[in-house]
Amino acid sequence: MEMMLQPFRLSSLLTLLITATPGPGLLATSPASAAEYRSLPVNPQRYNSHLAFSPDGRFLAGAGYTHRKNRGQVTVWDLPSGEISLTQLFPKYCQSPHFSPDSSLLAFTSHDHTVYVIRRHIEKRRTRWRLVARLPGPRVPKIDSFWALTAHVRFSPDGSQLARSVLGVAPDARSSTGRPSAMPGGIAFRVELWPTDSFAVPDRVLHSAGGRVCQLAFLNTGSDTLLTSVGDRRGTNRLLAIDLEEDTITGDIAHHQITDRPSCYGFSFDVSPRNQQIALGGCGFLVLLDPRSFHVTRRFTVPGEYYQCQSLSFSPDGRLLVSCGSPHTLRLWDVSTGDLLVEREYFQPIDVAFSPDGQTIASTGSLHKGSPSVLLWDVQALLRNAREEAPNEAN
């Protein structure tokens, strides 16, 4: 049954100014100039922690939560007009938005592992969004948010399937009271592949990932392959490549194989165009991997012992890589040389994404403490200003 989602339009735009101070890093961090960014209109009560561009470049989707009653929310911006096309509340914290390859569908998850799919259509020359599928989460007793906040979805490159991670509890992992065991082995994740033409029942269910599935991405290297970052309560974070036909692991690299620094949060990763490289970031490192051998091909010099990479995104041509994370910084890297090109500071950077044309970087976080914002950075302006700053730093 379809449900109409009503569009929302702000009566006035929220204008925010960036104030940034120099901080630790490879380059002296400069305040952002007005030519480098523009702010999208946001509801100050709604925080966006995850972002996704539509492949046609027209829309940007944000998912997160609202400060009131801790509900979930999804916002979609129409980028040509700069206006909000949709804003909708949901019962639980929302995350992991992802558009289908033809930009007609938007999928995202919620805190209870429910997956929502909405479709874009034109009605009376206006864009409308309609709920077309709701994939319920598993019926398991309440588990702490560390496990529940790891749901993820991803459309396949041809748009025929939607992959989702699902939390489960093994039958023998329950205590005598029926509640789930606290043992790491009792937490069982699986990956389901759903047909996007019906969303009736999953085509396949993969169990080889195990552990806590944090992120998903499709990789085509001669056969259908799914990349997933996983972790468990012992603190072991891994990046796996799973053969979709055989449900077997064909690639595996763990945190301790990359760095001797302590492991903390999970990995973040992105795949470059045409599957040439995988960018992988975590606590204390940022590297490039060969997608077939999983060998490290390049190490980026990251600042500080407590560096944590929250999110990564390749430019469409694969020449640039943007990352965000602690210490409260957005960084733009040259993939071929490993050089840090641009560094900008702002509060609580959570997610970044390159636009399909490579001219814009979207980032979420806060320009001021307690002030949620979504910024669109002009890539050419950032690079131009970085070149102008370089002689001054040399002097």
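Student: Give a detailed account of the overall build of the protein chain, specifying residues and quantitative values.
Tutor: The secondary structure content of the protein chain amounts to two helices and 29 strands. Among the 395 residues that make up the protein chain, the fraction classed as buried is 55%. A sequence separation of at least 24 residues applies to 50% of the contacts in the protein chain between residues at least 6 apart. Of the roughly 17600 Å² that the protein chain leaves accessible, carbon and sulfur atoms contribute 49%.

Student: Could you give an account of the sheet that holds strand S22 (residues 296-299), naming the residues involved and the relevant values?
Tutor: The four strands are arranged S19-S20-S21-S22 in an open sheet whose pairing can be described as antiparallel. Whereas interior strands pair on both sides, the edge strands pair on one side only; in this sheet they are strand S19 (268-271) and S22. Within the sheet, the average angular offset between the axes of one strand and its neighbour, ignoring direction, is 20°. Of the pairings in the sheet, the one linking strand S21 (residues 285-289) to S22 comprises three bridges and is antiparallel in character. The residue bridging Leu288 from the neighbouring strand is Arg298, located in S22.

Student: Kindly report on the packing of aromatic side chains, identifying the contributing residues and their values.
Tutor: A full pass over the atoms with the stated rule returns nine aromatic pairs. When the ring of Phe90 is compared with that of Phe108, the centres are 5.1 Å apart and the planes differ by 70°; the resulting orientation is edge-to-face. Taken as a pair, Phe90 in strand S6 (residues 83-90) and Phe108 in strand S8 (residues 105-110) lie far apart in primary sequence, 18 residues in all. Phe108 shares its class with Phe90; the two are buried.

Student: Can you explain the pattern of salt bridges? Please cite residues and give values.
Tutor: Between side chains of opposite charge, a pair can form as their charged atoms come close. In total, this model carries eight salt bridges according to the counting rule given. With a closest N to O distance of 2.8 Å, Arg344 and Glu36 form a salt bridge. Here Glu36 lies in the loop between strand S1 (3-5) and strand S2 (37-39) and Arg344 lies in strand S26 (residues 340-345), a separation of 308 residues in the sequence. Note on accessibility: Arg344 and Glu36 belong to one class, buried. Taking the shortest distance from any N to any O, the salt bridge between Glu192 and Arg164 comes out at 3.7 Å. On the criterion of sequence distance, the pair formed by Glu192 in strand S13 (residues 187-195) and Arg164 in strand S12 (residues 161-169) is long-range, its members being 28 residues apart. Assessed through its relative accessible area of 7%, Glu192 is described here as buried.

What counts, and where the lines are drawn
Residues numbered from 1 in each chain as written. Predicted model: local features only at pLDDT ≥ 70, side-chain atom pairs only at ≥ 80, totals over all residues. Heavy atoms only, no water. Helix = DSSP H or I, 4+ residues; strand = E, 2+ residues; numbered from the N terminus. Buried < 20%, exposed > 50% of the residue type's maximum accessible area, 1.4 Å probe, protein only. Contact = heavy atoms within 4.5 Å. Areas by Shrake-Rupley, 256 points an atom, 1.4 Å probe, with all protein chains shown as cover. Pairing = 2+ DSSP bridges. Axes fitted to C-alpha atoms, helices over the stretch in contact; angles between N-to-C directions. Phe/Tyr/Trp six-rings, centres within 6.5 Å; stacked < 30°, edge-to-face > 60°. Salt bridge = Lys/Arg side-chain N within 4 Å of Asp/Glu carboxyl O.

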